[in-house]
Amino acid sequence: MISKLKTGLILLSIFVFFNAKGQDKEFSKSTLKYCIGIGVSDGHRTTGGGGLLSVGYQRDLWKNRLRLNPNLTVGYFNAKYIQDVRDQWFNSINFETILYFDMIRLKAFSLTIGAGGVINNTIGLLGTGGYPPSVSSSDYISDWHYGGFLGGGLRINPKNSRIAFEIMPLNFHVGPDYYMEGFAKIGLEVKLK
């Protein structure tokens, strides 16, 4: 499923890139934003590594430096490479509202930081296993969390291009009840006319 989504995102990027190339038009202050990434999720009952996809809307608030980005981020995680926890497969669904700010900008390149709030629902299956081996039954879970987002990275926004890119190696969701997600992501922004 994740590989199909990755392939779709790559094909969409190529299509939009070639469709927008050579256009020298004014764009609106709104963009559609798509991201893909890898990371870890750790909660009160869950621990795992995996991938995530994000889809959202972004609005320029001030001089193309301050942007508001509400989005939906969905991740799939498992404990395949972690030895001391139960077998587990779970999805992490995050509703985020983030403010991004370009701290340093040099032509098309900018150093970006982001902060905001997140509401999370972690749903999945906890299996058997772990250390010490004491769990012999499986459990379905649906845990709700809330917290904050903090992230940063590089944004590439050519002036006359309809496409902007971002490379965000440091992103964190942190909240009470041991809720934490850390991930790296790359993103594509499509400017609307």
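A. Examining the overall build of the chain more closely. Of the regular secondary structure elements, the chain holds one helix and eight strands. Put simply, the chain runs from its N terminus to its C terminus through helices and strands in the order α-β-β-β-β-β-β-β-β. Burial analysis of the chain (193 residues in total) assigns 41% to the buried set. In the chain, of all internal contacts separated by at least 6 residues, the share reaching a separation of at least 24 is 60%.

B. Looking closely at the sheet that holds strand S4 (residues 86–106). Read around the closed barrel, the eight strands follow the order S1-S2-S3-S4-S5-S6-S7-S8; overall the barrel is antiparallel. Across the sheet, the mean angle from the axis of one strand to that of its neighbour is 20°, orientation sign disregarded. Where strand S1 (residues 30–42) lies against strand S2 (residues 47–62), 13 bridges are found, and the strand directions are antiparallel. The partner of Ile38 across the bridge, within S2, is Gly51.

C. Quick peek at the nonpolar core. Core analysis: the biggest nonpolar cluster contains six residues, these being Leu52, Ile98, Tyr100, Phe149, Met168 and Phe183. Residue contacts for Phe149: discarding those within four places in its chain leaves Glu96, Ile98, Tyr100, Gly114, Ala115, Gly116, Asn171, Phe172, His173 and Phe183.

D. Summary view of the environment of Arg67. With respect to the helices and strands, Arg67 occurs in strand S3 (residues 66–78). With residues up to four places along the chain from it excluded, the contact list for Arg67 reads Gln58, Arg59, Asp60, Leu61, Ile98, Leu99, Tyr100, Asp102, Thr112 and Arg155. Among the polar contacts made by the side chain of Arg67, one reaches the side chain of Asp102 at a distance of 3.0 Å.

E. Fine view of the pattern of salt bridges. Here the structure, examined in full by the defined rule, presents six salt bridges. Notably, a salt bridge pairs Glu166 with Lys33, separated by 3.2 Å at the nearest N-O pair. With a gap of 133 residues between them, Glu166 in strand S7 (residues 163–175) and Lys33 in strand S1 connect regions that are remote in the sequence. By relative accessible area, which is 3% here, Lys33 ends up buried. Residues Arg155 and Asp102 are paired through a salt bridge, measuring 3.7 Å at the closest nitrogen-oxygen approach. Within this pair, whereas Arg155 is found in strand S6 (residues 139–156), its partner Asp102 is found in strand S4, the two being separated by 53 residues in sequence. What you see here is one network of salt bridges that share partners, running through Arg67, Asp102, Arg155 and Glu189.

F. Layout of the packing of aromatic side chains. If you walk through the whole model with that rule in mind, you get two aromatic pairs. Relative to Phe149, the ring of Tyr100 lies with its centre 6.4 Å away and its plane at 75°, an arrangement referred to as edge-to-face. One end of the pair, Tyr100, is in strand S4; the other, Phe149, is in strand S6, with 49 residues separating them in the sequence. The burial state of Tyr100 is the same as that of Phe149; both residues are buried.

G. How the structure looks around the layout of surface pockets. Computed from the structure, the largest pocket encloses a volume of approximately 540 Å³. If you go around the largest pocket, you meet 25 residues; those closest to its centre are Phe27, Asn64, Asn157, Lys159 and Lys191. In terms of residue count, S2 provides more of the lining of the largest pocket than any other element does, three residues in total. In the lining of the largest pocket, the residues fall into four nonpolar, eight polar and 13 charged.

About the cut-offs
- Residues numbered from 1 in each chain as written.
- Predicted model: local features only at pLDDT ≥ 70, side-chain atom pairs only at ≥ 80, totals over all residues.
- Heavy atoms only, no water.
- Helix = DSSP H or I, 4+ residues; strand = E, 2+ residues; numbered from the N terminus.
- Buried < 20%, exposed > 50% of the residue type's maximum accessible area, 1.4 Å probe, protein only.
- Contact = heavy atoms within 4.5 Å.
- Pairing = 2+ DSSP bridges.
- Axes fitted to C-alpha atoms, helices over the stretch in contact; angles between N-to-C directions.
- Core = buried A, V, L, I, M, F, W, Y, C linked by side-chain atoms within 4.5 Å.
- Polar contact = N/O pair within 3.5 Å; in protein donor to acceptor, adjacent residues only side chain to side chain.
- Salt bridge = Lys/Arg side-chain N within 4 Å of Asp/Glu carboxyl O.
- Phe/Tyr/Trp six-rings, centres within 6.5 Å; stacked < 30°, edge-to-face > 60°.
- 1 Å grid on protein atoms, 1.4 Å probe; cavity = no way out; pocket = protein on both sides within 12 Å on 5 of 7 lines; lining within 4 Å.
- Points joined across faces, edges and corners; volume = space filled by probe spheres on them.
- Nonpolar A, V, L, I, M, F, W, Y, C, P; charged D, E, K, R; others polar.

Everything listed here is a matter of coordinates, which is why it stays silent on function.
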